[in-house]
Amino acid sequence: MSLVSVENVSVGYGANTVLRNVSFAVTPKEIVTIVGPNGSGKTTLLRTLIGAIRPSTGRISQKPGLRIGYVPQKLHIDPTLPITVNRFLRLPNSKADRKTCAAALERAGVPDLTNRQMSALSGGQLQRVLLARALVNEPDLLLLDEATQGLDQPGSAAFYRQIEEVRRETGCAVVMISHELHVVMSASDRVICLNGHVCCEGTPDIVSAAPEYRALFGTGTGGALALYRHEHDHAHDENCDHGHAHDHKNNHRQTEAAE
Ligand SMILES: Nc1ncnc2c1ncn2[C@@H]1O[C@H](COP(=O)(O)OP(=O)(O)OP(=O)(O)O)[C@@H](O)[C@H]1O
């Protein structure tokens, strides 16, 4: 049974329809990534899933008692506001005790931050604390909206490894928005390509080969994919005609999905 299912959902801001007839479902324990160009409605879709926006048409059904954890794109905290990490974690969860908060920090990979001031955290630490806050209620479904924005490449790779560990340990499903296509391709069970509607969806391999996805992301995506699939240089038959340049020095510019 799915945790959440979205059926023919349309969402608009005033007269501006942003999502049209979007349908998909999330099953327990899967990692689903939503990709799409800027303004394609990714954040709107997540906000609709958490109930912050009402769809104009269609239906969203949740498994009874579903617990959702949400990690926002960014959170501005007034640097003059003195608040510790532990206090911050308890703000929306006043019933959460110190032990629960400590366990959530541990799960988010930052067990030592409990007594630190929020304003003194680095970007990477803040994202981990936001993740911990989403984990306090032991969610069945974790939603992440470009949670690694502003992190450097090793920082965001480490963050996504943490997400995979959280999924392994807690069994929660994950729906995340990401622009980092190479990470997306390696970490997801399923990819949904959104551009106002669902252009295509499926395993990373299927989506990356779909013409709709290629049209949106062009050859840059082929590059990201090749980077994920090919960690070493490889030889090609000079006569093969699967449509990419044989430039071995610049391996990750190749488009390999046609192979
Ligand atoms: N609160 C709002 N009021 C009016 N229009 C909005 C609002 N939020 C988003 N929009 C519009 O809806 C469209 C989709 O926005 P959304 O933030 O969902 O896209 P996105 O795919 O998450 O974009 P990005 O990749 O840039 O974060 C955009 O055209 C945006 O201007």
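- By the naming in an unreviewed UniProt entry, the protein chain is Zinc import ATP-binding protein ZnuC, taken from Neptunicoccus cionae.

### Looking at the site of the ligand
Then, in step 1: Neighbouring the ligand are the residues Tyr13, Val18, Gly36, Asn38, Gly39, Ser40, Gly41, Lys42, Thr43 and Thr44.
Then, in step 2: Taken together, the residues of the shell around the ligand sort by class into two nonpolar, seven polar and one charged.

### So, unusual backbone geometry
Then, in step 1: Here the phi dihedral of Lys29 falls at roughly 70°; this positive angle occurs in a residue that is not glycine.
Then, in step 2: Here Lys29 shows up in the loop between strand S2 (16-26) and strand S3 (31-35).
Then, in step 3: In the Ramachandran plot, Glu138 falls in the positive-phi region, its phi being about 45° despite a non-glycine side chain.
Then, in step 4: Structurally, Glu138 can be placed in the loop between helix H4 (123-135) and strand S6 (141-145).

### Describing helix H3 (residues 98-107)
Then, in step 1: For H3, the complete set of buried residues consists of Cys101, Ala104, Leu105 and Arg107. Along the axis of H3, the buried residues cluster in a sector spanning 160°; they form a single face. Among the exposed residues of H3, those pointing more than 90 degrees away from its buried face are Arg98 and Lys99.
Then, in step 2: For H3, the secondary structure elements touched by its buried residues are helix H2 (85-90), H4 and helix H5 (153-170).
Then, in step 3: Looking at the residues trailing H3, positive phi occurs at Gly109, about 85°.

### Details of H5
Then, in step 1: Its 18 residues place the ends of H5 26 Å apart at the C-alpha level, agreeing with the 26 Å of an ideal helix rising 1.5 Å per residue.
Then, in step 2: All buried positions along H5 are accounted for by Ser156, Phe159, Tyr160, Ile163 and Val166. Along the axis of H5, the buried positions cluster into a sector of 110°, meaning they face one direction only. Opposite the buried face of H5, at more than 90 degrees from it, the exposed residues are Gln153, Pro154, Arg168 and Glu169.
Then, in step 3: Directly beyond the C-terminal end of H5, a positive phi value near 75° is found at Gly171.

### Remarks on the environment of Thr27
Then, in step 1: Here Thr27 is to be found in the loop between S2 and S3.
Then, in step 2: Separated by 114 residues in the primary sequence, Thr27 and Leu141 have C-alpha atoms spaced 9.4 Å apart.
Then, in step 3: Beyond its immediate sequence surroundings of up to four residues, Thr27 is in contact with Ser2, Leu3 and Ala173.

### Observations concerning the sheet that holds strand S1 (residues 4-13)
Then, in step 1: Taken together, the three strands give an open sheet; going across it, the order is S2-S1-S4, and neighbouring strands pair in antiparallel fashion. Sheet topology places S2 and strand S4 (57-62) at the edges, where each strand pairs with a single neighbour. Strand-to-strand twist in this sheet, taken as the mean axis angle between neighbours without regard to direction, amounts to 25°.

### Things to note about the sheet that holds S6
The pairing of strands in a sheet comes from backbone hydrogen bonds and takes either a parallel or an antiparallel form.
Then, in step 1: If you walk across this open sheet you meet the six strands as S5-S6-S7-S3-S8-S9, and the pairing is mixed. Taken across any chain shown, the strands that pair with only one partner, and hence form the sheet edges, are strand S5 (68-71) and strand S9 (198-202). Within this sheet the neighbouring strands show an average axis-to-axis angle of 15°, counted without direction.
Then, in step 2: Judged from the four bridges that link them, S3 and strand S8 (residues 190-194) form a sheet pairing that is parallel. From the neighbouring strand, Thr33 faces S8, where its bridge partner is Val191.
Then, in step 3: Packed onto the sheet, H4 meets S5 and S6 and runs at close to 165° relative to S5.

About the cut-offs
Residues numbered from 1 in each chain as written. Predicted model: local features only at pLDDT ≥ 70, side-chain atom pairs only at ≥ 80, totals over all residues. Near = placed C-beta within 6 Å. Nonpolar A, V, L, I, M, F, W, Y, C, P; charged D, E, K, R; others polar. Helix = DSSP H or I, 4+ residues; strand = E, 2+ residues; numbered from the N terminus. Buried ≥ 20, exposed ≤ 12 C-beta atoms within 10 Å, placed from the backbone. Arc of directions from axis to C-beta. Contact = placed C-beta atoms within 7 Å. Expected span 1.5 Å × (residues − 1). Pairing = 2+ DSSP bridges. Axes fitted to C-alpha atoms, helices over the stretch in contact; angles between N-to-C directions.

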